[in-house]
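Per-entry structural report
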Amino acid sequence: MQTNLNILIVEDELLIAEMLKEMLLDLGYNVFATAKNYDTALSILKEQNEINFAILDINLNEAKTGKDIATLIREEYDIPFIFLTSYSDKKNILEAAQLKPEAYLVKPFNKTDLLTTLEIIKNRRTNTQKSIIIKDGRLQVKLLVSSIQWIKSENIYIEIITQEKMYVVRNSLDKFLEELNDDFLLRIHRSYAVNLNHIKAVNGQYVLIGSDKIPLSRKYRDELLEQFVK
């Protein structure tokens, strides 16, 4: 993702749109345009080819929503975008996932949440080759590190969660992370580590991976920020 972002904000609540714009400007990003509905967003996209990133509210109080704008962007403009949403809007999040947003920004959010989300997107890189061998029953399974979404510590075991399956391995979280030594697996809580490539949103208490909330402690929240803001 380009560092010189020309951002389009699509948000029908004026106060949220202005707050988001001010946050982005304070963080050094360029807000190129704002829109409150599909038609205005379409007109801006047609006329302003400098726009290279969009922040879209999923729920617009009109027939056409942020998902319709995202569909248009996917089909005609091919620029990255994130969705504004609330975690309580789980049905819409699952539907919106089909449009492959770069991330979700969960309301209510603050400037740090916004910065972290954008920096995660900017620093996300491909990590598809590294693998580990773990025991699954009587089988020895080769597991791509990139497929790990998060890891949870449970006493003397760890639960390794992938999109397809959960594996239970006798190991400590500290030792497992040390053995892997992978930059994209980051501890965010005493009992949890996450794969940075799977994070879709961050706020002060948790990170969102898919529709699951993974606890984020204050101590590791600072470390998460330091990983991206250097």
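Note that the structure is predicted; figures quoted are calculated from it, not measured.

Time to look at a nonpolar patch on the surface. A surface patch of nonpolar side chains, amounting to about 350 Å² of accessible area, comprises Ile156, Tyr157, Met166 and Val168. Tracing the backbone shows Val168 in strand 10 (residues 166-170).

Okay, the sheet that holds strand 3 (residues 53-57) next. Taken together, the five strands give an open sheet; going across it, the order is 2-1-3-4-5, and neighbouring strands pair in parallel fashion. For this open sheet the edge positions go to strand 2 (30-35) and strand 5 (103-107), each flanked by a neighbour on one side alone. Each adjacent strand pair in this sheet contributes to an overall mean axis angle of 20 degrees, direction not counted. As judged from the five bridges shared by strand 1 (residues 6-10) and strand 2, these two strands associate in the parallel manner. Across the sheet, residue Val10 finds its bridge partner in strand 2, namely Ala35. Lying on the sheet, helix 2 (residues 38-47) is in contact with strand 1 and strand 2; it crosses strand 2 at an angle near 135 degrees.

Below, the discussion takes up the nonpolar core. Core analysis: the largest hydrophobic core is formed by 29 residues, its most contacted members being Leu8, Val10, Leu56, Ile69, Ile73, Phe81 and Phe83. Ranked by residue count, the leading element in this core is helix 2, at five residues. If sequence neighbours within four positions are ignored, Phe83 has contacts with Leu56, Ile58, Gly66, Lys67, Ala70, Ala96, Leu99, Pro101, Ala103, Tyr104 and Leu105. Within the second largest apolar cluster, 19 residues are counted, among which are Ile82, Leu105, Leu118 and Ile121.

What follows covers the confidence of the model for the protein. As a note on interpretation, predicted positions should not be read in detail where pLDDT is low. Summing up the model confidence of the protein, the mean pLDDT is 86 and the portion of residues at 70 or higher is 91%. When mean pLDDT is taken per element in the protein, strand 9 (residues 157-162) scores highest with 96 and helix 4 (residues 90-96) scores lowest with 74.

Applying the stated criterion across every chain yields a total of eight salt bridges. Notably, a salt bridge pairs Lys107 with Asp57, separated by 3.4 Å at the nearest N-O pair. Separated by 50 residues along the polypeptide, Lys107 in strand 5 and Asp57 in strand 3 bring together distant segments of the chain. Under the relative-accessibility criterion, Asp57 is labelled buried at 3%. Residues Asp174 and Arg187 are paired through a salt bridge, measuring 2.1 Å at the closest nitrogen-oxygen approach. With Asp174 in helix 6 (residues 173-180) and Arg187 in strand 11 (residues 185-189), the pair connects residues that are 13 residues apart, well separated along the chain. Salt bridges sharing partners connect three or more residues here, namely Glu11, Asp57 and Lys107.

About the cut-offs
Residues numbered from 1 in each chain as written. Predicted model: local features only at pLDDT ≥ 70, side-chain atom pairs only at ≥ 80, totals over all residues. Heavy atoms only, no water. Patch = residues over 30% accessible without salt bridge, like charges linked within 9 Å, V, L, I, M, F, W, Y side chains within 5 Å. Areas by Shrake-Rupley, 256 points an atom, 1.4 Å probe, with all protein chains shown as cover. Salt bridge = Lys/Arg side-chain N within 4 Å of Asp/Glu carboxyl O. Helix = DSSP H or I, 4+ residues; strand = E, 2+ residues; numbered from the N terminus. Pairing = 2+ DSSP bridges. Axes fitted to C-alpha atoms, helices over the stretch in contact; angles between N-to-C directions. Contact = heavy atoms within 4.5 Å. Core = buried A, V, L, I, M, F, W, Y, C linked by side-chain atoms within 4.5 Å. Buried < 20%, exposed > 50% of the residue type's maximum accessible area, 1.4 Å probe, protein only. pLDDT = per-residue confidence, 0-100.

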